[in-house]
Amino acid sequence: MGRPLNRPPISTLALGSVTLAAALLASCFALQKGGLFPEDGNQIHLEFFDNKTFYRDLQFVLTERIKSEILSRPGLHLTSKESADIIMGGRITNVRQRVLTETDRQITTAERTTISIIVELTDARTGEIIKTVKLSETGEFVRSFGETLQSAQEEAFYFLAREAVRQLEQDF
């Protein structure tokens, strides 16, 4: 007679089946028709951001970055103030630069810039401020890699624009 097969007891199989069924039920989710952005909030009017710092023309770079980010998002459209559902605006509140490393002769080799902004979303019909958010992002540059302060600022503006446009998404 052959050796008996090593099979798990029936109770272990039942417990495994119940656990698998529970895991499958827990992983189920409901789908909802619609997009990430509210139906009545996809027409955006973008105002130029104000600049409360001594660094000139940064508001134009930030506004252009946010414009590009809005245009890259399906479901969002830039429009005139009269046709808008939401008006997006704000201001640059702070630009801080810090030296990370320098040579013996005190020549900066790496630096970090941190840019802080306030984003305001306003209901275009009522004029009521829907959301105010403070955002801050950092960009770094290393001179030996051919990077500059401008490239560090561009990096910070890229992430600020992404976060600013995320504020238009629905709250779940």
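Up top you'll find the structure we're talking about.
Scoring rules and cut-offs
Residues numbered from 1 in each chain as written. Predicted model: local features only at pLDDT ≥ 70, side-chain atom pairs only at ≥ 80, totals over all residues. Heavy atoms only, no water. Phe/Tyr/Trp six-rings, centres within 6.5 Å; stacked < 30°, edge-to-face > 60°. Helix = DSSP H or I, 4+ residues; strand = E, 2+ residues; numbered from the N terminus. Buried < 20%, exposed > 50% of the residue type's maximum accessible area, 1.4 Å probe, protein only. Polar contact = N/O pair within 3.5 Å; in protein donor to acceptor, adjacent residues only side chain to side chain. Contact = heavy atoms within 4.5 Å. Pairing = 2+ DSSP bridges. Axes fitted to C-alpha atoms, helices over the stretch in contact; angles between N-to-C directions. Parallel < 35°, antiparallel > 145°, perpendicular 65-115°, else oblique. Left-handed = near helix turned anticlockwise from the far one by under 90°. Nonpolar A, V, L, I, M, F, W, Y, C, P; charged D, E, K, R; others polar. Salt bridge = Lys/Arg side-chain N within 4 Å of Asp/Glu carboxyl O.

Here's the deal with the packing of aromatic side chains
This structure, assessed with the given rule, holds 2 aromatic pairs. With centroids separated by 5.7 Å and ring planes inclined at 75°, the aromatic side chains of F48 and F60 adopt a geometry described as edge-to-face. One end of the pair, F48, is in the loop between β1 (43-46) and β2 (50-51); the other, F60, is in helix α2 (residues 58-72), with 12 residues separating them in the sequence. When the centroid spacing of 5.1 Å and the interplanar angle of 75° are considered together, the rings of Y158 and F159 count as edge-to-face. Given the relative accessible area of 34%, Y158 is considered partly exposed.

Re the side chain of S116
Along the polypeptide, S116 turns up in strand β5 (residues 108-123). Here S136 takes part through its side chain, which lies 2.9 Å from a polar atom of the side chain of S116. Here S116 is in contact with R91, I92, T93, N94, L135 and S136, once residues within four sequence places are set aside.

Overview of the pairing of β1
When β1 meets strand β3 (residues 77-78), the two strands line up parallel, connected through 2 bridges. Bridging across to β3, I44 finds its partner in L78. With 3 bridges connecting them, β1 and strand β4 (residues 86-102) associate as parallel partners. Paired with I44 across the strands is I86, a residue of β4.

Section: the packing of α2 against helix α3 (residues 149-166)
Two elements in contact, α2 and α3, have axes whose closest approach is 9 Å; the angle formed by their N-to-C orientations is 50°. Between α2 and α3, the crossing angle belongs to the class labelled oblique. Where α2 crosses over α3, the two elements pack in a sense that is right-handed. Every residue of α3 that contacts α2 at L58, V61, L62, R65, I66, E69 and I70 is listed here: Q153, E154, F157, Y158, L160, A161, R162, A164 and V165. Residue classes in the contact of α2 with α3 are distributed as 11 nonpolar, 1 polar and 4 charged.

Regarding the pattern of salt bridges
On inspection of all chains with the given rule, the structure shows 10 salt bridges. Ionic pairing is found between R65 and E154, a salt bridge with its closest N-O pair at 3.0 Å. A residue pair is termed long-range when its members are at least 10 positions apart, and R65 in helix α2 and E154 in helix α3 qualify at 89 residues. Through salt bridges with shared partners, a single ionic network connects E69, R73 and E169.

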